[in-house]
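Single-letter residue listing:
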Amino acid sequence: MLLRRPRRVFVLGGARSGKSSYAEQLLTGERTVDYVACGARPDDDDPEWADRVALHRERRPASWRTVETLDLPDVLDRSGPPVLVDCLTTWLAGTMDECGVWAETPGADGRLAAAVDGLVTAWSGTRRRVVAVSNEVGSGIVPATPSGRRFRDELGVLNTRVAAHSQRVWLVTAGLPQRLR
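Just so you know, these numbers come straight off a predicted model, no measurement behind them.

### Focus: the nonpolar core
Inside soluble globular proteins, nonpolar side chains tend to come together where they are buried.
Stage number 1. Of all hydrophobic cores here, the largest spans 31 residues; its most connected members are Val85, Leu88, Leu92 and Leu158.
Stage number 2. The set of elements that each furnish at least two residues to this core consists of β1 (8-13), α3 (72-77), β4 (83-86), α4 (88-99), α5 (108-125), β5 (130-135) and α6 (146-164).
Stage number 3. A per-element tally of this core places α5 first, with 7 residues.
Stage number 4. When neighbours within four sequence positions are excluded, Leu88 is seen to be in contact with Phe10, Leu72, Leu119, Ala132, Val133, Ser134, Leu155, Leu158 and Val162.
Stage number 5. Listed in part, the 14 residues of the second largest apolar core include Val9, Tyr22, Leu27 and Cys87.

### Concerning the side chain of Ser166
Stage number 1. With respect to the helices and strands, Ser166 occurs in the loop between α6 and β6 (168-173).
Stage number 2. The contacts of Ser166, once residues within four sequence positions are left out, are Arg8, Phe10, Trp123 and Arg181.

### Some details on a negative patch on the surface
Stage number 1. Side chains of Asp71, Asp77, Asp97 and Glu98 sit close together on the surface and give a patch of like negative charge.
Stage number 2. Within the fold, Glu98 resides in helix α4.
Stage number 3. The class for Glu98 is exposed, based on a relative accessible area of 62%.

Criteria and cut-off values
Residues numbered from 1 in each chain as written. Predicted model: local features only at pLDDT ≥ 70, side-chain atom pairs only at ≥ 80, totals over all residues. Heavy atoms only, no water. Core = buried A, V, L, I, M, F, W, Y, C linked by side-chain atoms within 4.5 Å. Buried < 20%, exposed > 50% of the residue type's maximum accessible area, 1.4 Å probe, protein only. Helix = DSSP H or I, 4+ residues; strand = E, 2+ residues; numbered from the N terminus. Contact = heavy atoms within 4.5 Å. Patch = residues over 30% accessible without salt bridge, like charges linked within 9 Å, V, L, I, M, F, W, Y side chains within 5 Å. Areas by Shrake-Rupley, 256 points an atom, 1.4 Å probe, with all protein chains shown as cover. Salt bridge = Lys/Arg side-chain N within 4 Å of Asp/Glu carboxyl O. Lys, Arg positive; Asp, Glu negative; His and termini not counted. Charge placed at Lys NZ, Arg CZ, Asp CG, Glu CD.

Okay, structure coming up:
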């Protein structure tokens, strides 16, 4: 099936691979885009993170609206302009924290599973054009900590599920996009 303009596009890549820039390029023809930032808000305690966020903001057209939220199902369920989600990696980290996974709160695993299910359902059913970015992990060093291994595994499962419901999937390595689907 040939799709001229796929509705759900997933862009994967390693850290600093160019995945976010490529995802932005996919929407350059759009006057208005809801740019969903899932990471922590920058503050004075982490100047390196603030620099990263500033770099992303400087690249975007002024007409693109920034939406800072972890409630991706709500964004995807609403009507509106195209959406760029940057990124599912930070969404998962924040969601694991909100669900109490890191604190080993009773019921945390169930809350996390429900949140991931909700995101995948919203992704697969959205009527909006959406491009989502995520880190491809697990191809290198095994994390030294149980929490690092848990995060890597959860992100791998999330990426697999989102890719399964995507019409296009790209892998960006060293700034070079390669179409997987």
